[in-house]
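Listed here are the chains, written in short residue letters.
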Amino acid sequence: MQKDQTPQVPPRIRTPQTLENTQQSSQPDTHLTLPTKKVSQPPLESRLDSLDDSSDDYEDPDLFYPGAHRMNTPDRDMSLQVPRQPKGRYSSLCSDDELLDDDESNLWQDEGISNLQGSVYLPNSGRLSSATKEDSSQLAAVIKMGWLDKNPPQGALYYQRRWVKLDVDYLRYFDNDKEVYSKGIISTAFISNVSSVGELKFEVVTNNRTFIFRAESEAERKDWVTVLQDCTRGRHPRSTMSPGSPLTPDYQGYLELRGLRSKLYTVVASDKVFLYKNIEDYRIGVGITSIEMNVGNVKDTDRRSFDLTTPYRIFSFIAESEQLREQWVDAMRDAIGEALSNREVAERIWVEPSNSLCADCGAPKPEWAAINLCVVVCKRCAGEHRGLGPSISKVRSLKMDKKVWTEELIQVFLLLGNERVNSFWAANVPPSEALTPSSCSEERRRFITNKYRQGKYRKYHPLYGNQRELNNALCINVQCSDVLETLSLIFCGADVNCSTGMASWPSPLSLANAHSQPLQAELISHNLNTELPRSEVGEAMNAVHYTALPCVSHNGFLFKTASMARAVTERKAREEFSRRWCTLNDGAFSYYESDKNSNPNGALKASEIVCLAVDAPEKHGYEHTFELYSESERLYLFGTDDPDSHKEWVKSIAKSFIPASAEPLLRLPFERIGRLKCKDGLNLQTSKVGWFALVGSTLHAYLADSQGEEVHLRKLNELSIQQDNEVLVLVERGRTLYIEGERKLDFAGWCGAIQAAAGSGGDTLSQQQLTETDIPLIVHSCIDYITQCGMMSEGIYRKSGVNSRVAALCERFRRDARSLRLREGEHQVDDVSNTLKRFFRELGEGLFTSEDAKTWLSTSASQDESVKISQYQLLLNRLPRVNKATLQALINHLYCVQRFSEINQMNLHNLAIVFGPTLFQNDGKDYTAGRTIEDLIQHYILIFEVDEQQLKKQLEEISVIIQLREKLNTKFPSTEPGGHFICTVYLEEKKDTAEQHVKIPGSMTAAELSCEVLDRRNIPVKDKEYWSCWEVSDKEEMERPLHYQERVLPILHSFGTDSHLLIKKHVAMDAMIVYLASKADASKHGIMKFREERSILGLGLSSGSFHDRYFILNSNSLRMYKEIRSNRPERDWPAKNLKVYLGIKKKLRPPTCWGLTVVYESKKQEKPEKQQWYLCCDTQPEMREWYATFLSIQYDGNVWPQDGLQQIRASRALPDTRHGNVSLIPLRGSENEMRNSVAAFSQDPLALFRDVR
């Protein structure tokens, strides 16, 4: 057993070596032995006078030297000598390409140079200890280095001697070959061209600068050009620094170097600090120097200053404030930590996606781990783990404790991952106790103690409490590769030091090693002395014997696509599949390049498979395919053309990962099978694992500690997805089942499959969504609606609805009848009645079935009533269960309708004439079908053996409904018996000659009302004319164009006596549509003047004035800020609950005439709230843009009908006069008259319309 030791981290400050201890090469590099070259230097004044400001190769004068100093002494001291001149000079920190101040003569103070000790400047005497230039402070591998002459600043005539180094990232130049910090750096990412120019010279061109260097020989120049071109070849040269640049800053800004009047732009990036003259130079990749932080140390020195100390230089920085100084110090200390760390282990651990989030609080990029608990945690949680002690949690750094991270330990963390490990440690965490990245230390301490010391949230192993069986299970499991099971056994009480009973392998550790299971051995070795969680379960646990997983073997060729991280939404062609030899053996599914290969291309352990989905035939290029979903959120698609092979593979794979407790699922012809977490209505505190199989429209489930269950999806009362919690909610009678999404990929597949199975599957009755009594939901909904709202409607089931609305209702019911709620005012009675008739007419195989339909019809010819009734009863009992229940529900409804025929004029014969051809799906040329329906209604009580007391109660309830509706209608004299409202509407202006009295049904929209009024006046609608219905309030001096889909009746009910409806053109609509089309999204922000409606002392007198406010309008809300720079909004309103009017009443004295009145009504039932306030814009276009944005958000971009009002007028002008072959016949008359009408219609369908006057 190895003793865990915390690796010793070397100190951040290294003691610099003395010059005597520094080994220097006695054989200098060939690049160092260049001959000295003397260049005549004119006086400084004459050189400055000769500068050419128009030069393309502009560079600033050398800041450090009044003249160009040659460095031709090989053993020149490393330290910077302060010149004995009136003006001091910089050290070589600052670039000779840039001025730090325009006034060069004032850069230095003669008397100040001697006071710069301890700073970046050197004293007149004394120096820092030297060090070798190959020190680790310069980590980048040098590609080439040597002496070059560099062109002078601002194009002077002489060249300066520079020691130049090139690495993969930067071209650097120094005063001499002993200097550690450069005078200038040029990012190779910004170099766009390198070429030879003139004699022995070459130029390095960036986007903004050109640097000229001169070599000693042609060969040397050629070598530099070649190396530079190779270094920059293949890169797309940058023009500015971007977030994707190699240098991605962790912190950046201006810092002042002590003694300088100018500031340097400083960038902390990873483990380096870069200095630039200004931000512009940073953006173009031209800097002064870089500082490697692995030899740095940061120390506070003053309220705003701090020192960055290296063995070669002390950098004294001054920040702009004390707060900024703290941020700079933290950033640089983080850079030191980064420099001393090793990212290799962290990057490998983070390859497993769940390891990139803290296992306890979810913070990103955790850099610590509890190696015995197998969790990766953040720095704050790691501190609490240390508080548990090493006997419970052995905390190690991913970046600094490199020695502990063996290859086996890394593989354990990659195999398990935080998500899988938390399925054990955090299986039962209450939401109220869960941590977040912002949780405080006390909350972390309590949670981590409960989780690991107490084991409060862990998933108890079935063997918990049975020590002997736990030990036995551990010895069995360490021989296979299921590491998570071993973790569960250990932390549920298995003894890792127990005896195996085998002399050769006495312990589980030796047993794992003997069976070549290094990951099992690694986990055990880190838990040999671990203190186990202390908590006990509340009740005694029965003995359970451990059984190994069933051994399943199968092999053969399959065709496979590349694994995917998202669902397969498109058809995969045969060309996208590759032939692979696949094997299923020893709990692992592996696939190989061919049956000759010994190393698999990939493998998937059976324990990692969470779902198996069988695709419909010919869904992809291969006729038979199936999908495998893994714990790691990957999808594997396999296919074959052989149905037998496909069936065998599906059976074998399912058997390999479905436990014995759910084995009955394997005998089902499932479409999808797998593991899901769920909660039911009896226990919502803890989730339990369930095994599910989807077969047709039935979901079979085996939940923990329960027998098999069935959920009939088409009979669900509710099926919904809670997006925030990723929970699928299935509500059936007396129970609610919550299926949770542990993994997004397979959960999305389950949701889609369950929703599809719960919908209507075809045209037959049995394939519809059903109620608990086996009645299709469409039938139940329509009957219920007509019972509530249509019993008083004259000619119910004989009058036609609007064809387009009927078709839309049928389609919505077909898609998902469960989600559609029929509401009065929103849906017309005649539309609903025609929907019901159309459903039965288009029903596959009919209500009476194709086999028995003729028998039903022939039975009606019998003259003996008792014989007829008996025969009907026999036929009724022969119907399928759903058909029988549906027929009884429909005949019960029709029986009730005809009992109130004195109101609705639909007696027995009328109903029979309408429903006979509909239910028997014939042309209605004779009355045979009608007579059958008439018999069923007339003898309803006998044929269906109805409880007469129950029927009487039902009829009494309908009578009460009718009485209530009659009382309701008498309260509104302008309301018609059918529930319509009579309203006065004006055309273009409010005057007597423009009045129109219009009947407003509950379903009438603003566009339909506009068309109604225009049709009455025979006004054509031209292109680009936007006729709209306006709500006008005379009292508030405001108006609002109703949206074309908005229902008119609710607006009328909310009217005051001072409001009216007006039909007129919306002249601004065209400009609004153009404006919205030019915007990428529906949002707007800007300044408007705001005033709120307030009252003084309850007297009703408004107060206040208009003030400038900044508004942001988006798809969710309208937010108001005091000013643009404000961080928090003063007010926040939901955008879709706002009603916006054009205009503001004049007594409020608005500052402009372009105003909006906004009304907000909260939806809270317990405390409804209404607010009114005013907005003023500076211009009319601005007001129009705000209003257009409001309208677009509230109606999801559907501002105006795509085809204009023409389509709406056309749908109104063509009522649905027929349904199938059943005509609209007189509502009153004798039986003979009605039958004659049917016969006449069958001979001449147009006869009924010729008498229309």
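Predicted model only: the values in this text are computed from it and were never measured. (Residues numbered from 1 in each chain as written. Predicted model: local features only at pLDDT ≥ 70, side-chain atom pairs only at ≥ 80, totals over all residues. Heavy atoms only, no water.)

**A word on the overall build of the chain**
Looking only at helices and strands, one finds 32 helices and 44 strands in the chain. In the chain, the share of contacts with a sequence separation of at least 24, taken over all contacts with a separation of at least 6, comes to 62%. In the form shown here, the chain has an accessible surface area of approximately 60700 Å², with 48% of it arising from carbon and sulfur atoms. (Helix = DSSP H or I, 4+ residues; strand = E, 2+ residues; numbered from the N terminus. Contact = heavy atoms within 4.5 Å. Areas by Shrake-Rupley, 256 points an atom, 1.4 Å probe, with all protein chains shown as cover.)

**Focus on the pairing of strand E23 (residues 609–614)**
Burial within E23 is extensive, with 5 of its 6 residues counted as buried. One ladder, built from 3 bridges, connects E23 with strand E26 (residues 672–680); its direction is antiparallel. Across the sheet, residue Ala613 finds its bridge partner in E26, namely Arg672. (Buried < 20%, exposed > 50% of the residue type's maximum accessible area, 1.4 Å probe, protein only. Pairing = 2+ DSSP bridges.)

**Thoughts on a negative patch on the surface**
Taken together, Asp250, Asp300, Glu322, Glu326, Asp330 and Asp334 make up a surface patch of like negative charges. Looking at which element gives the most residues to the negative patch, the answer is helix H4 (residues 322–340), with 4 residues. Within the secondary structure layout, Glu322 lies in helix H4. (Patch = residues over 30% accessible without salt bridge, like charges linked within 9 Å, V, L, I, M, F, W, Y side chains within 5 Å. Salt bridge = Lys/Arg side-chain N within 4 Å of Asp/Glu carboxyl O. Lys, Arg positive; Asp, Glu negative; His and termini not counted. Charge placed at Lys NZ, Arg CZ, Asp CG, Glu CD.)

**A closer look at the state of the cysteines**
Here the structure, examined in full by the defined rule, presents 0 disulfides. No disulfide involves Cys983; its sulfur sits 8.3 Å from that of Cys1029, the nearest cysteine. (Disulfide = S-S within 2.5 Å.)

**Quick look at the packing of helix H28 (residues 1069–1077) against helix H29 (residues 1180–1194)**
Running from N to C, H28 and H29 point in directions that differ by 70 degrees, and their axes come no closer than 9 Å. Put simply, H28 runs roughly perpendicular to H29. Here Met1069, Ala1071, Met1072, Tyr1075 and Leu1076 of H28 come into contact with H29, specifically with Arg1184, Glu1185, Tyr1187, Ala1188, Thr1189, Leu1191 and Ser1192. When the residues that make up the contact of H28 with H29 are grouped by side-chain class, the tally is 8 nonpolar, 2 polar and 2 charged. (Axes fitted to C-alpha atoms, helices over the stretch in contact; angles between N-to-C directions. Parallel < 35°, antiparallel > 145°, perpendicular 65-115°, else oblique. Nonpolar A, V, L, I, M, F, W, Y, C, P; charged D, E, K, R; others polar.)

**Focus on the pattern of salt bridges**
Per the counting criterion, the structure on display carries 58 salt bridges. A salt bridge links Lys451 to Asp360, with the nearest nitrogen and oxygen atoms 2.9 Å apart. Of this pair, Lys451 sits in helix H8 (residues 441–453) while Asp360 sits in the loop between helix H5 (343–349) and strand E16 (368–370), and the two are 91 residues apart along the sequence. Exposure class is identical for Lys451 and Asp360. Each is buried. Between Arg743 and Asp746 there is a salt bridge whose closest N-O contact spans 3.0 Å. Look at Arg743 and you get buried, because its relative accessible area is 2%.

**Points about the sheet that holds strand E14 (residues 305–309)**
Reading across from one edge, E12-E10-E9-E8-E15-E14-E13 is the order of the 7 strands in this open sheet, with antiparallel pairing throughout. A strand with exactly one partner marks an edge of an open sheet, and here the two such strands are strand E12 (289–292) and strand E13 (297–300). For this sheet, the mean inter-axis angle between neighbouring strands, taken without regard to orientation, is 35 degrees. In terms of strand pairing, strand E8 (residues 251–257) meets strand E15 (residues 314–318) through 2 bridges, oriented antiparallel.

**A word on the environment of Gln1172**
Secondary-structure assignment places Gln1172 in strand E44 (residues 1170–1177). Considered as a pair, Gln1172 and Val1140 are 32 residues apart in the sequence and their alpha carbons are 9.9 Å apart. Aside from chain neighbours lying at most four places away, what touches Gln1172 is Glu1036, Glu1092, Glu1093, Thr1157, Val1158 and Val1159. For Gln1172, the side chain forms a polar contact with the side chain of Glu1036, separated by 3.2 Å. Looking at Gln1172, its side chain comes within polar contact range of the side chain of Tyr1174, at 3.1 Å. (Polar contact = N/O pair within 3.5 Å; in protein donor to acceptor, adjacent residues only side chain to side chain.)

**Considerations on unusual backbone geometry**
In this structure, Ser270 is a non-glycine residue whose phi angle is positive, near 55 degrees. Assignment of secondary structure puts Ser270 in the loop between strand E9 (263–269) and strand E10 (272–276). What makes Ser270 partly exposed here is its relative accessible area of 36%. With a phi close to 75 degrees, Tyr797 is a non-glycine residue in the positive phi region. Relative to the helices and strands, Tyr797 is located in the loop between helix H15 (777–789) and helix H16 (803–816).

**As for the confidence of the model for the chain**
Taken as a whole, the chain shows an average pLDDT of 78; of its residues, 78% reach a score of 70 or greater. Confidence over residues 1–139 falls short of pLDDT 50; this stretch has 251 contacts with residues more than four positions distant or in other chains. (pLDDT = per-residue confidence, 0-100.)

**A word on the pairing of strand E1 (residues 142–150)**
Relative to strand E2 (residues 160–167), E1 runs antiparallel, the two sharing 8 bridges. Bridging across to E2, Met145 finds its partner in Lys165. Here E1 runs beside strand E7 (residues 210–214); their pairing, made up of 2 bridges, is antiparallel. The partner of Asp149 across the bridge, within E7, is Arg214.

**Let's talk about the nonpolar core**
Of all hydrophobic cores here, the largest spans 66 residues; its most connected members are Tyr797, Phe840, Phe848, Trp856, Leu887, Phe915 and Leu936. Broken down by element, the residue count for this core peaks at 10 residues, all from helix H20 (residues 881–899). For Trp856, the contacting residues outside a window of four places in its chain are Phe848, Tyr872, Leu875, Leu876, Leu879, Leu887, Phe920, Thr932 and Leu936. In terms of nonpolar packing, the next biggest core, distinct from the first, is built from 61 residues, Ala1006, Ile1051, Val1158 and Leu1191 among them. (Core = buried A, V, L, I, M, F, W, Y, C linked by side-chain atoms within 4.5 Å.)

**Here's the deal with the environment of Glu1046**
Position of Glu1046 among the secondary structure elements: in the loop between strand E36 (1038–1041) and helix H27 (1048–1053). Glu1046 sits in the buried class, given a relative accessible area of 14%. Along the primary structure Glu1046 and Ala1007 are separated by 39 residues, whereas in three dimensions their C-alpha atoms are 8.1 Å apart. When neighbours within four sequence positions are excluded, Glu1046 is seen to be in contact with Met1004, Thr1005, Ala1006, Arg1040, Ile1051 and Tyr1195. A distance of 3.4 Å separates the side chain of Glu1046 from the side chain of Tyr1195, its partner in a polar contact.

**Focus: the sheet that holds strand E4 (residues 184–187)**
Spatially, 8 strands are ordered E5-E6-E7-E1-E2-E3-E4-E11 in an open sheet, and the strand pairing comes out antiparallel. What marks the edges here is a single partner per strand, and that holds for strand E5 (191–197) and strand E11 (286–287). Taken together, the 5 bridges between strand E6 (residues 201–206) and E7 define a ladder with antiparallel strand orientation. Paired with Phe202 across the bridge in E7 is Phe213. Helix H2 (residues 218–232) rests against E1, E2, strand E3 (170–174), E5 and E6 of the sheet, and its axis sits at about 130 degrees to E1.

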